[in-house]
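# An overview of the molecular structure
Okay, here's what each chain looks like letter by letter:
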Amino acid sequence: MAFKSNNPFLNNKSFSATTASKNDEVHHATLIDYNQDMTLSGTINKTLILFLLLSASAIVIWWMTFNGMNPIVPAFGGAIVGLILVVIAAFKPQYSPILAPGYALFEGLFIGGVSAIFETKYPGIVIQAVGATFVTFAVCLGLYKFKIVKVTEQFKSVVVAATLAIATYYLISWLFSMFTSFVPVHYGNSMMSIGISVFVIVIAALNLFLDFDRMEKGVEQKMPKFMEWFAAMGLIITLVWLYIEFLRLLSKLSRK
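I will try to describe carefully the structure that is included in this document. Sequence order sets the numbering: in each chain, residues are counted from 1 along the sequence as written. In keeping with the predicted nature of the model, local features appear solely for residues at pLDDT of at least 70, side-chain atom pairs appear and are counted solely at 80 or more, and the whole-chain, interface and lining totals rest on all residues. Note that water and hydrogens are dropped before the side-chain values are worked out from all heavy atoms of the structure.

### Comments concerning a nonpolar patch on the surface
Just so we agree on the cut-off: Distance thresholds for patches are 9 Å for like charges and 5 Å for nonpolar side chains (Val, Leu, Ile, Met, Phe, Trp, Tyr), applied to residues having over 30% relative accessible area and no salt bridge. For the area figures, the Shrake-Rupley method with a 1.4 Å probe applies, and any residue is considered shielded solely by the protein chains shown. Take a side-chain nitrogen of Lys or Arg and a carboxyl oxygen of Asp or Glu: if they are within 4 Å of each other, that pair is a salt bridge. Think of it this way: any DSSP run of H or I at least four residues long counts as a helix, any run of E at least two long counts as a strand, and we number them from the N terminus.
Taken together, the side chains of Leu171, Trp174, Leu175, Met178 and Phe179 present a nonpolar region at the surface, about 570 Å² in accessible area. Along the chain, the position of Leu171 falls in helix α6 (residues 153-179).

And the structure:
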């Protein structure tokens, strides 16, 4: 049975194509080295490696920013390169062992720069956002592990639809604000803007359940070892999104 992820980063044919390839090998009685299969422990280790790389890169930019460097350029450059690496990995998951660490390093530049900017304007906001992100991750992991929240097909459909709607709204709002005097409703610190931020955070958190489910299904279907990096990259993407949304929400509350 082909595995199909519903995470926006992984909503492509990579998993199903990989699974089909391995099924062909089994059908033709090809000897498989199961040490090369995706494992949960291996995926967790890869996730920790990516998190450490991202944190190290962010800390460097943070330190340089508070020593006089303008973080705009490295943050903007890191975001662009990180996005490019994500797109490549989505179409070429077999290169994830190289692309995923690269993404973590460049995304760290973005996270470090953005965090330094927010911290300058709202002292103490970064530690609050980091704490909120970790607590949300821990709660979602616990709810998934103890089967309190079950990832059904209907659950996946709702989360994916909401995520795509948010992405579309952000894109349209950005384009309108770039070329017109239109001010998106999620800007500012109005109750409507705060409500939108809370909604987006909820959807980002729900995406964590899809990440956990993808990892579990990938292990069950004995996917290739490089899929550990691919799955870990997807989880880091969700955590970065969640962290940024917490920064935005907390900044709005601070302006209140």
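Now that the structure is up, let's keep going.
### Points about helix α5 (residues 125-145)
For the record, the criterion: Expected span of a helix: the number of residues minus one, times 1.5 Å. Think of it in three bands: residues with accessible area under 20% of the maximum for their type are buried, residues over 50% are exposed, and the middle band is partly exposed, with areas taken using a 1.4 Å probe on protein chains only. Directions are taken from the helix axis to each C-beta atom, and the arc is the one they span. Whether two residues touch is decided by their heavy atoms; if any such pair falls within 4.5 Å, the residues are in contact.
Given a rise of 1.5 Å per residue, 21 residues ought to cover 30 Å, and the 30 Å separating the end C-alpha atoms of α5 matches this to within 8%. Residues of α5 that are buried include every one of Ile125, Val126, Ala129, Thr133, Thr136, Cys140 and Tyr144, and no others. On an axial view of α5, the arc spanned by its buried residues comes to 100°, and they lie on one face. Turned more than 90 degrees off the buried face of α5, the exposed positions are Ile127, Val135 and Lys145. Those residues of α5 that are buried lie in contact with α2 (40-65), α4 (96-121), α7 (191-220) and α8 (227-255). Phi for Lys147, located one or two positions after α5, is positive at around 60°.

### Some remarks on the packing of α6 against α7
To be explicit about the condition: Only C-alpha atoms enter the line fits that serve as axes; for helices the fit covers just the stretch in contact. Angles between N-to-C directions range over 0 to 180 degrees. Angles are sorted into four bins: roughly parallel if under 35 degrees, roughly antiparallel if over 145, roughly perpendicular if 65 to 115, and oblique for all others. By definition, turning the near helix anticlockwise from the far helix through less than a right angle yields a left-handed crossing, and turning it clockwise yields a right-handed one. Ten residues, namely Ala, Val, Leu, Ile, Met, Phe, Trp, Tyr, Cys and Pro, are considered nonpolar, four, namely Asp, Glu, Lys and Arg, are considered charged, and the remaining ones, Gly among them, are considered polar.
The N-to-C vectors of α6 and α7 enclose an angle of 135°; their axes lie 10 Å apart at closest approach. By the criterion of interaxial angle, the relationship of α6 to α7 is oblique. Considering the relative orientation of α6 and α7, their crossing is left-handed. Seen from α6, the contacting residues are Phe155, Lys156, Val159, Val160, Ala162, Thr163, Ile166, Tyr169 and Tyr170; seen from α7, they are Ile196, Phe199, Val200, Ile203, Leu206, Asn207, Phe209, Leu210 and Asp213. For the contact of α6 with α7, the per-class residue count stands at 14 nonpolar, two polar and two charged.

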